[in-house]
Amino acid sequence: MAARHLVQMVYEPDCEMLVNMALNMKFKVRLIFFVCVAMILLMTFFLYLRESSPTRVRKADSGTFFLSKIKSFFPVSSEKCSGTLLVNVTADMQTVNIWDSIDLISAGTKYKVMFPEENSKKAAGKASPSPLTVLIIPHSHNDPGWLRTLDDYFSTSTKKIFDLMLEKLEAHPDMRMVWAETVFLALWYEQASVENRTSLKKLVDTGQLDLVTGGWVMPDEASTHYYSIIDQLIEGHQWLARNLGARPRINWSIDPFGHSGTVPHLWRLANFDGMVIQRIHQAIKDYLGHHKRLVFHWRQIWDDKGYHDILCHTMPYLSYDTTATCGPDSNVCRKYLFPYNQEFMAGDRARLEAFVTPLYEQFRLHAENYQHNVIFVPLGGDFQWVSLDEFDSKYSSYTEIMAYMNSRSDWNIKVRFGTLTEYFNLLKQASPPVRYPTVTGDFFVYSEIPNHYWSGYFTSRPLDKFLGREIQALLKVADILYCLAAIHARTGSHAHVFENYKLLEVARRNLALYQHHDAITGTAKPHVVMDYEIRLSSSFNQLQAVVKHAVVTLLRSHAGGGEELLNVQPFAFAFDPFHSRSRHEIKPAGLKVVVFNPSAFKRAELISLVTDKDQIEVNESRLSNRKVAHQISPVWSARGNILSSRFELSFRVDLPPWSLVTYTLSAISTPDSSFTNLYMTLPTGHHQEQKQASFKISPLPRSTNIVLENACLRVSISSSTGMITEIMQKNTNTVTGIAMEMVSYTPGALSGAYLFWPRIDTPRILSTDEVNVVHVQGSLYSAVKVVHPLFQTVLKVYNSSTEEALCRAVGIDNIATLSESRGDELVMRFKTDVQNKDVLYTDGNGLGMVKRRRFPKLPMPAAYYPMTSAVTIQDEHMRFTVHSRQPHGAASLTPGSLEIMLDRTFRSDDGKGLGEGIQQNPPAPSKFFLLIEPMENRTSQNSDYFHPTLQSLRLGDVLQSPLYYLTYGESLDLPATFNPQLFDLPCDANVVSFRPLEPDTEPKGLRTAFILEKRGYECGAHTGTVQCESSWGKLSFSSLLELTSPSSLTEMSLSLIDTIKPLSPFDTLELQAMDIKTYSLEWDDK
């Protein structure tokens, strides 16, 4: 206690105070005082020697460094955890509770139309109608991949649309058009002449062509992580700014299958003025339209002041296509689908009146959904405006229709071509101003037809979802290393670093393309899916090349190459979870493993790699070849047999933030005690088959329980099923009973890529007779492996030498093996005694936990929600959370239960456009952490959201930003470490992105984006020691990077288009909880 008090005084040292204190002490007390000070200084000096790089000299003030090390040596007690307060957000409507007000009994086979026929006639037939402005907005929705590939769509349709759009907008100054997807615009621009590029820019400048959203794609909002949503938005906006000087102000998201409450927050951070959404539950549209709430201020569930509100317009009808946008009667709207309708005959006024009047009536009915007197009507659809005849017919017909309507003074209507920017400007100019309601929450699960719930795509094609997260993590690694290397290259002869920007750009755009709402969702044709996979694999290889160049640059103080001698993690590993093609060869001279920490905080974890040797010694190169504890475990085949020529090597690494640390693997001949012990329930024949393996193998009786144990947990597992039965938290002696099981739903007639539609709501429990169980007992982790024809599962418990968060979690690694299945929807299910009633929480795109409810009035698939990276059930005493590496669908169908869908195969088509089922899925890996937290002082049991604990946040970081390693042999000589940071960031800080913005062809000047987040977190969990302390009041960019401080610093909008304010590198960074701030950093020539 005295030592801690002394450290607290040293945190803010006052030399005069310390001297006076010492002089006033008695001699013995004074002696003890100085001995304590001396011990602290010696201990700090030891830590300095331990962590300093032998090839780098620290540039920080030594006193500040020593103080930081003293702080890190004395962890902060959990009693001092301040946490983030939950606030009561005032809103007119919470989407999670809308269903309490909606009665679906009268829905029948079709959701209720906005207004019954008798009200429709009344609305359209008013003697003195109020003034109404109608903006006709031409648009063309172009999917960058769905039934055809991106390139195929561009060559057959989109290029023609752009060419005609350029010609016709120039010819008709009164015409307007909106465009959203930058990926297509960039493809056209690359092929366009200088004259056409100039003409396009003119149309953008005059507002005839309204560029909306401007991201690389129109992203899905259920499965996408906020990192990738932001990155594709930056890529699109930066391209538009460089090439067209454009800056989108309005979001246009008309085709994602449901809408997230997180994404509006990102649009607002990008300084959007408004947004438009389309696909929400049609019954909810009915409810909103009836109460004139289809336009609302979308508020974040944690924002009690409304600082981040954004005005949102909801389109009222079933589709964004012309056949469903003019008004509630699609049969009327179809009559105005030119050039396909030849009924219209210009010039005959009597015939014109008869033809136009029904459209006028639909416009009036459309307006009844809103409080204001201006509406917009989209004119277009998928790949429309593709032919000269279509352009001319639409323009001439609507010009005639608008002229006639405007001539009818008794109709009191003004109709013209317009844009979304014009629409939102008109809303702002309304007098008197309209008070729009505030709404919190999101709009999942989407349904346009009763019982058709679009919750299947949350899981469809899980291997691709897994690969997408792999590439996302690797892109973050490559970005950070490229930026660090580019900064370093300015002071040396490493010009080759800048040559890699193009590789980084291409890889980034491939990942951005995969965020498209028909890509990451798994809802495209097989040949289109293959095209996405080829692009992702190409990105993987390109990013690896960038990383290799950067690592050599950072570890070497001079140019000299050698990156070609670095071996990167093979892409086959991601495609081949059974390691049949990937392993590292350890030659007599040994193998160097360079490990990179992509997080802005220290990490102490295990890394694992497959080698060809089973007798190995591991040394940490930076510490005079200190031996590192390691573990040798078996590698398993797809059928559950031990592979004799491959071994899993696991060892602990300790890494400062953003550092590179080298470890040496050496083959040895002496017996090694690092092997795991195996206890197996495999048949006798299998035991005999494994006799030559390097592991001690013993039979495992099915009648006994297996126990996996460390300093934090005691996990009991059934030896007959290999599934968890209970978990005890040792610090509180709290025991949680769990019935873990693998189950499968049988697909119904309409289970498809989009829809989840099981034949019956009760799944079958997969037979335990087909299960083989192996207990792996090791020094660094122990595990239980389960082998079944439809899945393989590994449950892991790590010893306490790793991160405390890992000590308290159970790792769950699954491989779904449905390649031979004719129809299964595989689910991992937990039954607990948590009293969560009908409530569960899933994360919103990786940002915060959002309340979900199960409604008895809705069918079972409506209770499946998107789980981007985490799902939780909780009560006043316990929080049960599963963190995931990749997106899934998740549900709590009964109190205390939690289930996560792992994979889906089915022959049927759900009628949503794909035209086929999904069969013969390749093996699909998935990674989870299960965290049980006994809670105290709970304030968030039934709130609309909650903040995770620090331990929970750390587990999410481990999954989303895994450690990265490279290897090299004796032919390449590199220094052992590189450490660019002085301190850990505060415990609640997260560097979302550190990426280059503009290509540099030579080492002069550099501009990067730095996106920093302050995360909300909750205290109250019995989780022992919190391994961090907040230091936001002392954080600035001048103290962040050891290499060099930026010469220029500016706070920007999220996509770095708008300047917020210039800053000095020495200014303190000020963020509130849940803030995300973006900075532009520039380094001058050296």
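That block above? That's the structure.
Since the structure is predicted, the reported quantities are computational estimates derived from the model, not experimental observations.

Asks: Describe the overall build of the protein chain, listing the residues and the values that go with them.
Replies: On a plain count of helices and strands, the protein chain comes out with 22 helices and 47 strands. Counting every position in the protein chain, which comprises 1086 residues, the buried fraction comes to 64%. A fraction of 76% describes how many contacts in the protein chain between residues 6 or more apart in sequence connect residues 24 or more apart. For the protein chain, the accessible surface area stands at approximately 39800 Å², while carbon and sulfur atoms represent 52% of it.

Asks: With reference to specific residues and values, describe the pairing of strand β32 (residues 839-843).
Replies: Of all five residues making up β32, five are buried, and the element is well covered by its neighbours. Neither face of β32 is exposed, since Val839, Tyr841 and Asp843 on one face and Leu840 and Thr842 on the opposite face are all buried. In this antiparallel pair of consecutive strands, β32 and strand β33 (residues 849-853), the connection spans five residues, and Asn845 shows a positive phi of 60°. In this structure, β32 lies alongside strand β35 (residues 870-874), joined through two bridges in antiparallel fashion. Following the sheet pairing, Tyr841 is matched in β35 by Thr872.

Asks: Describe the packing of helix α7 (residues 182-191) against helix α8 (residues 194-206), and please don't skip the residues or the numbers.
Replies: Where α7 contacts α8, the two axes come as close as 8 Å, and the packing angle between them is 140°. Judged on the interaxial angle alone, α8 and α7 are oblique. Residues Leu185, Trp188, Tyr189 and Glu190 of α7 touch α8, and the partners they reach there are Asn196, Arg197 and Leu200. A breakdown of the residues in the contact of α7 with α8 according to their chemical character gives four nonpolar, one polar and two charged.

Asks: Report on the side chain of Asn142, specifying residues and quantitative values.
Replies: By secondary structure assignment, the location of Asn142 is in the loop between β2 (132-141) and α6 (150-171). Only 2.9 Å separates the side chain of Asn142 from the side chain of Ser140, close enough to count as a polar contact. A distance of 2.7 Å separates polar atoms of two side chains, one belonging to Asn142 and the other to Thr158. When sequence neighbours within four positions are dropped, the list of residues in contact with Asn142 reads Thr158, Ile161, Trp179, Glu181, Phe184 and Phe383.

Asks: So what's going on with the pattern of salt bridges? Which residues, and what values?
Replies: In total, this model carries 47 salt bridges according to the counting rule given. The residue Glu1018 makes a salt bridge to Arg879 at a minimum N-O spacing of 2.9 Å. In this pair, Glu1018 is assigned in the loop between β44 (1006-1014) and β45 (1048-1052) and Arg879 in strand β36 (residues 878-884), connecting sequence segments 139 residues apart. Each member of the pair, Glu1018 as well as Arg879, is classed as buried. Linking Asp957 and Arg1015 is a salt bridge whose minimum nitrogen-to-oxygen distance equals 2.9 Å. In this pair, Asp957 sits in helix α22 (residues 950-960) while Arg1015 sits in the loop between β44 and β45, placing the two residues 58 residues apart along the sequence. We note that Asp957, like Arg1015, is buried.

Asks: Could you give an account of the packing of aromatic side chains, with specific residues and numbers?
Replies: Taken as a whole and assessed by the stated rule, the structure comprises 39 aromatic pairs. A centroid spacing of 5.7 Å and a plane angle of 70° characterise the contact between Phe296 and Trp298, whose relative ring orientation is edge-to-face. Each of the two residues, Phe296 as well as Trp298, counts as buried. The positively charged end of Lys394 is found above the aromatic ring belonging to Trp385, 5.4 Å away from the centroid.

Asks: How would you explain the packing of helix α17 (residues 501-514) against helix α18 (residues 526-555) if you had to name every residue and give the values?
Replies: The interhelical angle for the contact between α17 and α18, taken along N-to-C directions, is 145°, at an axis separation of 8 Å. As α17 runs across α18, the sense of the crossing is left-handed. Residues Leu503, Leu504, Val506, Ala507, Asn510, Leu511, Leu513 and Tyr514 of α17 form the contact with α18, whose own contacting residues are Tyr532, Arg535, Leu536, Ser538, Ser539, Gln542, Leu543, Ala545 and Val546. Its residues assigned to classes, the contact of α17 with α18 comprises twelve nonpolar, four polar and one charged.

Asks: Can you explain the state of the cysteines? Please cite residues and give values.
Replies: Between two cysteines, a covalent bond joining their sulfur atoms is known as a disulfide. The final tally for this structure, using the stated rule, is two disulfides. Between the sulfur of Cys326 and that of Cys333 lies a disulfide, 2.0 Å long from S to S. Here Cys326 and Cys333 share a disulfide; its torsion about the S-S bond, -95°, makes the bridge left-handed. The class for Cys326 is buried, based on a relative accessible area of 5%. Linked covalently through their sulfurs, Cys712 and Cys807 form a disulfide whose S-S length is 2.0 Å. Its S-S torsion of about 110° marks the bond between Cys712 and Cys807 as right-handed, since a negative value means left-handed. Residue Cys712 is found in the loop between β22 (705-709) and β23 (713-718), and its partner Cys807 is found in helix α21 (residues 804-807); the two are separated by 95 residues along the sequence. Classification of Cys712 as buried rests on a relative accessible area of 8%. The class for Cys807 is buried, based on a relative accessible area of 2%.

Asks: Outline the sheet that holds strand β28 (residues 781-788), listing residues and values.
Replies: One open sheet holds the twelve strands; their spatial order is β21-β20-β27-β28-β29-β30-β39-β36-β35-β32-β33-β40, and the pairing between them is mixed. Either end of the sheet is taken by a strand with one partner, and the two such strands are β21 (696-699) and β40 (945-946). Looking at chain direction, β36 and strand β39 (residues 924-934) are connected through seven bridges and run antiparallel. Following the sheet pairing, Ser884 is matched in β39 by Phe928. The strands touched by α22 within the sheet are β30 (809-816), β36 and β39, with β39 carrying the most contacts at an inclination of about 170°.

Cut-offs and rules
Residues numbered from 1 in each chain as written. Predicted model: local features only at pLDDT ≥ 70, side-chain atom pairs only at ≥ 80, totals over all residues. Heavy atoms only, no water. Helix = DSSP H or I, 4+ residues; strand = E, 2+ residues; numbered from the N terminus. Buried < 20%, exposed > 50% of the residue type's maximum accessible area, 1.4 Å probe, protein only. Contact = heavy atoms within 4.5 Å. Areas by Shrake-Rupley, 256 points an atom, 1.4 Å probe, with all protein chains shown as cover. Pairing = 2+ DSSP bridges. Axes fitted to C-alpha atoms, helices over the stretch in contact; angles between N-to-C directions. Parallel < 35°, antiparallel > 145°, perpendicular 65-115°, else oblique. Nonpolar A, V, L, I, M, F, W, Y, C, P; charged D, E, K, R; others polar. Polar contact = N/O pair within 3.5 Å; in protein donor to acceptor, adjacent residues only side chain to side chain. Salt bridge = Lys/Arg side-chain N within 4 Å of Asp/Glu carboxyl O. Phe/Tyr/Trp six-rings, centres within 6.5 Å; stacked < 30°, edge-to-face > 60°. Lys NZ or Arg CZ within 6 Å of the ring centre and 35° of its normal. Left-handed = near helix turned anticlockwise from the far one by under 90°. Disulfide = S-S within 2.5 Å.

Bear in mind that shape data such as this cannot, by itself, settle questions of function.
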